[in-house]
Amino acid sequence: MSLIRGFFVFVAISADIMVFHCKADRYPQPWNLTYEWLDKFTVNISWKKPIGLADNSGINYCLKKIEDKSELQVHEKKLQTIETLLTETKGTDSWTYNIWATGENCNQPNETVPAMLTIRTPKPRDKLVKDFKCFPSLNKMNCSWIPANRSQNLVLYYRIKGRMQEDIQSLKKCDKPYSNGERNGCYLHIDPEPKNILVLVETDTAMITFIPVIELPPPKLSVKEEGDYLKLSWNASNFGKQCSEYEVCFSKCNSPLCQKTGIGEPSMKVIYDKNCQYEFKSRVMTTESCFSINSTFSEPVIYGTNKTPDETLTVVAIVIPIILSACVILSCYCFRRHSAIICPVIPDPSAVFKEMIMNGNSDLKATQTKLYTPVPEPIEPCKIILVSENSPIQQNN
Ligand SMILES: *[C@@H]1O[C@H](CO)[C@@H](O)[C@H](O)[C@H]1NC(C)=O
Ligand SMILES: *[C@@H]1O[C@H](CO)[C@@H](O)[C@H](O)[C@H]1NC(C)=O
Ligand SMILES: *[C@@H]1O[C@H](CO)[C@@H](O)[C@H](O)[C@H]1NC(C)=O
């Protein structure tokens, strides 16, 4: 009996040890997850330490945004984080975070059920503007967009990206709003890093937040002939020599080619083949070390004309048939005028044939001289005899 009891005690103890061992890897959930928007871009997420852990237990927290699989953050011993969330990054008005406690790294152990927090935008998201883009110029940005609904009253705010108190306080309202046909616009007074701008567009009931698309205006291209070369030049971008790079694409006799110039070089030479038509377009890009923004291509500039074999071929293809048909018409005319010599009158074959049938094979030659004259047939005068009913003819029948 004591042996059996001893066995049970042993089993119970080892089970306890196993449970304890499992619990050692597995932290209880953080609790009381909350969030507070510090402004329309920035949210303060906070939580409380799992119950039953000592203050000095050295636990860390892991955060994972569900929408963003790659993002995994470790927050050593802190019970809050401040995040920038933009509605147009993924086109959403809510985000879900998983938050869990860990001893060291954030490889989420299977047994840990993370605490979950869903964050909603301060106002519902609505796609208020389309094709929003900004052109930078000296210490300001010219931004414009197509409003989704013209009768909505839009207000646009912007600030430098960042989570610190001073970033949050740098929010400004867009200046000097204008309407330019289809597009509306305004000016942002901000420099120098265009990539670090956050924009908020809102109405009384809706909002969107995003990082604006920033483009450079396409360079204005001019082409000049210089000896055997064509010289291309364009207005330099106002980002300074060190930051600007240009790309020129051209087609020569319809075969396209693109070339980059050296950094800050606002011109280029191309060998000129006078038998070819050229079409040039160019764009400006800022170098990687600056902000890495591009312009679209300029309107194409056309220079020269195509004088290729194609052209002589088309001439040949049009002129030769014309000459040939003129010859044919002329020869027909000549043939008609001298037709008596070239083409004597051929007797009507049907007449010859008729004659042959009527006169037999013997005198073919006579047919040419002897014309057919109708022979009058002898006509017997008609005698009408009136016969009475009692006439001898009837009796004979
Ligand atoms: C974020 O929230 C936590 C908890 O409510 C608070 O202690 C902290 O001061 C907040 N941080 C900021 C910058 O508001
Ligand atoms: C701003 O952009 C608009 C539209 O693209 C343009 O018409 C206007 O001239 C620009 N203003 C300045 C000062 O460049
Ligand atoms: C446009 O905005 C006005 C004013 O907010 C609203 O009454 C109207 O329904 C909107 N139109 C559309 C098509 O959303």
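Residues numbered from 1 in each chain as written. Chains lettered and ligands numbered in written order. Predicted model: local features only at pLDDT ≥ 70, side-chain atom pairs only at ≥ 80, totals over all residues. Heavy atoms only, no water.

What follows concerns the site of ligand 1. Taken together, Leu38, Asn44, Ser46, Gln80 and Ile82 make up all the residues around ligand 1. Separating an oxygen atom of ligand 1 from a side-chain N or O atom of asparagine 44 is a distance of 2.4 Å. Elements that contribute at least two residues to the shell around ligand 1 include exactly β2 (42–48) and β5 (80–84). Here the shell around ligand 1 is composed, by residue class, of 2 nonpolar, 3 polar and no charged. (Near = heavy atom within 4 Å. Polar contact = N/O pair within 3.5 Å; in protein donor to acceptor, adjacent residues only side chain to side chain. Helix = DSSP H or I, 4+ residues; strand = E, 2+ residues; numbered from the N terminus. Nonpolar A, V, L, I, M, F, W, Y, C, P; charged D, E, K, R; others polar.)

Quick look at the site of ligand 3 now. For ligand 3, the full set of nearby residues is Asn149, Ser151 and Gln152. One of the side-chain N or O atoms of asparagine 149 is found 2.3 Å from an oxygen atom in ligand 3. For ligand 3, an oxygen atom lies 3.3 Å from a polar atom in the side chain of serine 151.

We now examine the side chain of asparagine 184. Relative to the helices and strands, asparagine 184 resides in strand β13 (residues 183–188). At 3.0 Å, the side chain of asparagine 184 and the side chain of serine 179 are in polar contact. Filtering out sequence-adjacent residues up to four positions away, asparagine 184 remains in contact with Cys143, Ser144, Trp145, Pro147, Arg150, Tyr178 and Ser179. (Contact = heavy atoms within 4.5 Å.)

Mean pLDDT for the protein: 78, with 70% of residues reaching 70 or above. Low pLDDT (under 50) marks residues 6–24, which in the prediction has 0 contacts with non-local residues, meaning those over four places away or in another chain. This stretch, residues 391–397, has a pLDDT under 50; its non-local contacts, to residues over four places away or in other chains, come to 3 contacts. (pLDDT = per-residue confidence, 0-100.)

This next bit is on the pattern of salt bridges. On inspection of all chains with the given rule, the structure shows 9 salt bridges. Lysine 40 is the salt-bridge partner of glutamate 202, the closest N and O atoms lying 3.1 Å from each other. Placement of the pair is glutamate 202 in strand β14 (residues 197–202) and lysine 40 in the loop between β1 (31–37) and β2, with a sequence separation of 162 residues. With a closest N to O distance of 3.9 Å, glutamate 226 and lysine 269 form a salt bridge. (Salt bridge = Lys/Arg side-chain N within 4 Å of Asp/Glu carboxyl O.)

Okay, the state of the cysteines next. Scanning all chains against the criterion turns up 4 disulfides. Paired by a disulfide, cysteine 174 and cysteine 186 hold their sulfur atoms 1.8 Å apart. Looking down the S-S bond of the cysteine 174 and cysteine 186 bridge, the torsion is 100°, so its handedness is right-handed. Here cysteine 174, found in the loop between β11 (172–173) and β12 (175–180), pairs with cysteine 186, found in strand β13; they are 12 residues apart in sequence, far enough to count as distant. For the pair cysteine 174 and cysteine 186, one class covers both residues: buried. Here cysteine 249 engages in a disulfide with cysteine 258; their sulfurs sit 1.9 Å apart. Handedness here is read from the sign of the S-S torsion; for cysteine 249 and cysteine 258, about 105°, the answer is right-handed. Owing to a relative accessible area of 45%, cysteine 258 belongs among the partly exposed residues under this scheme. (Disulfide = S-S within 2.5 Å. Buried < 20%, exposed > 50% of the residue type's maximum accessible area, 1.4 Å probe, protein only.)

Turning our eyes to something else, we now look at the pairing of strand β3 (residues 60–65). Burial runs high along β3: 5 of the 6 residues are buried. Across 6 bridges, the pairing between β3 and strand β6 (residues 94–102) is antiparallel. Paired with cysteine 62 across the bridge in β6 is tryptophan 100. (Pairing = 2+ DSSP bridges.)

Time to look at the side chain of threonine 286. Tracing the chain through its elements places threonine 286 in strand β22 (residues 278–286). A relative accessible area of 5% places threonine 286 in the buried class. A polar atom in the side chain of threonine 286 sits 2.7 Å from the backbone nitrogen of isoleucine 293. Excluding anything up to four places from it in sequence, threonine 286 contacts Leu216, Phe239, Cys243, Phe291, Ser292 and Ile293.

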